[in-house]
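Working through the structure, step by step
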Amino acid sequence: MKKRYSVSSVIICFVFAVFSIIFMLPLLWTLFSSFKPESSIMGDPGRFFPTTYTLVHYNTLLTQIPFFRFLLNSVIFTGGVTVSSLLFDSLAGYAFAKLKFRGSNVCFVIVLVSMMIPFQITMIPLYLFMNKMHVINTYAGLILPRLTNAFGIYFMRQSFLSVPDDLIDAGRIDGLSEGGIFFKIIIPVVVSSLSTLGVFHAMYNWNDFLWPMLMTSSQKMQTLPVGLALFQGEHAMQHGPMFAGAVLSILPILIIFLFAQKTFIKGIALSGIKG
């Protein structure tokens, strides 16, 4: 029985390894292409490994555009949205899961319905509203509309539903306020879910192109995805610098995921959301 289990484990690991390699191929192709000469990228795009290696694309990336300014803007935008979303999503999720108030079910249904509305429908009215507030081309204009997220509220509500009510009752008996119960008792229990949601928010906003492009009108405020589009002209495209920019833009998200991977699966299981 032990031998059969070992064989099955080897087969499963082999299958997952094969699929992992398949899913990694686009990333590896992008990485190797960033070291190819432009002529090699255009002349033989199907070649996986470069015949000659060059760092000219990385030099172009760092000298022709304000790369570090774009990187800073992306960090501020992504960090601000992620932190604020984790706070407000968890507060709203806790209210829907554990606090009974009139109209809570109706409000939660409205939140769920808002998840089904494409952003392209609301972006023009949202832009006009931001324009009236005079926050176009500012960090506030980028972050304010993303202070909370319907998916984040739903995700945290599912996580809070798994927390026993006895913990909350014990906190009330000890004289804690609702805020004290939330921050001292509930949050430590669902920290895995918060980490998972933080990864989701960071990945989505770091790679977001449409909203930062709409809200910024100068290079000083553009984020990294918008800034990399400068290498795409009307009649020509600089593929090498774009590949180099893609590689450098992936690194921060990859580092975040590597640090959060231990709690990622645990957070998904705690939330009760199934794929």
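As a starting point, this report considers the structure included with it.

**Some details on the packing of aromatic side chains**
The way to describe two aromatic rings as a pair is by their centre distance and the angle between their planes. This structure, assessed with the given rule, holds 16 aromatic pairs. Each member of the aromatic cluster is reached from another via a ring pair, and the members are Tyr94, Phe160, Phe182 and Phe183. Here the basic side chain of Arg146 rests over the ring of Phe119, its NZ or CZ set 5.7 Å away from the ring centre. Over the ring of Phe108 we find Arg157, and its NZ or CZ is 4.2 Å from the ring centre.

**Regarding helix α8 (residues 150-161)**
Between its first and last C-alpha atoms α8 spans 17 Å; for twelve residues at 1.5 Å apiece the expected length is 16 Å, and the two agree. For α8, the buried fraction is high: nine of the twelve residues fall into the buried class. Listed in full, the buried residues belonging to α8 are Ala150, Gly152, Ile153, Phe155, Met156, Arg157, Gln158, Ser159 and Phe160. Where α8 begins, the capping side chain belongs to Asn149, and its oxygen is found 2.8 Å from the backbone nitrogen of Phe151.

**A short note on the nonpolar core**
Tyr94, Met156, Phe160, Ile186 and Val190 are the most contacted members of the largest nonpolar core, which has 16 residues in total. At the level of secondary structure, the elements contributing two or more residues to this core comprise α4 (67-98), α8, α10 (178-189) and α11 (191-206). Of the residues forming this core, the biggest block, five residues, is contributed by α10.

**A look at the environment of Pro241**
Secondary-structure assignment places Pro241 in helix α14 (residues 239-271). Take Pro241: its relative accessible area is 3%, and that puts it in the buried class. Once the C-alpha coordinates of Pro241 and Phe231 are considered, the two residues, ten residues apart in sequence, prove to be 7.2 Å apart. Not counting residues up to four positions away in its chain, the partners in contact with Pro241 are Glu38, His57, Thr60, Leu61 and Phe231.

**Description of a nonpolar patch on the surface**
Together, Val7, Ile11, Phe14, Val15, Val18, Phe19, Ile22 and Phe23 make up a nonpolar patch on the protein surface, roughly 790 Å² of accessible area in all. Mapped onto the elements of the fold, Phe19 is located in helix α1 (residues 2-33).

**What to know about the layout of surface pockets**
In this structure, the largest pocket occupies an estimated 730 Å³ of space. Together, 21 residues line the largest pocket, and Ser114, Pro145, Thr148, Asn149 and Ala150 are the ones closest to its centre. Contributing elements (two or more residues each) for the lining of the largest pocket: α4, α6 (119-132), α8 and α11. For the lining of the largest pocket, the leading source of residues is α11, giving four residues. A class-by-class count of the residues in the lining of the largest pocket yields 13 nonpolar, seven polar and one charged.

Scoring rules and cut-offs
- Residues numbered from 1 in each chain as written.
- Predicted model: local features only at pLDDT ≥ 70, side-chain atom pairs only at ≥ 80, totals over all residues.
- Heavy atoms only, no water.
- Phe/Tyr/Trp six-rings, centres within 6.5 Å; stacked < 30°, edge-to-face > 60°.
- Lys NZ or Arg CZ within 6 Å of the ring centre and 35° of its normal.
- Helix = DSSP H or I, 4+ residues; strand = E, 2+ residues; numbered from the N terminus.
- Expected span 1.5 Å × (residues − 1).
- Buried < 20%, exposed > 50% of the residue type's maximum accessible area, 1.4 Å probe, protein only.
- Polar contact = N/O pair within 3.5 Å; in protein donor to acceptor, adjacent residues only side chain to side chain.
- Core = buried A, V, L, I, M, F, W, Y, C linked by side-chain atoms within 4.5 Å.
- Contact = heavy atoms within 4.5 Å.
- Patch = residues over 30% accessible without salt bridge, like charges linked within 9 Å, V, L, I, M, F, W, Y side chains within 5 Å.
- Areas by Shrake-Rupley, 256 points an atom, 1.4 Å probe, with all protein chains shown as cover.
- Salt bridge = Lys/Arg side-chain N within 4 Å of Asp/Glu carboxyl O.
- 1 Å grid on protein atoms, 1.4 Å probe; cavity = no way out; pocket = protein on both sides within 12 Å on 5 of 7 lines; lining within 4 Å.
- Points joined across faces, edges and corners; volume = space filled by probe spheres on them.
- Nonpolar A, V, L, I, M, F, W, Y, C, P; charged D, E, K, R; others polar.

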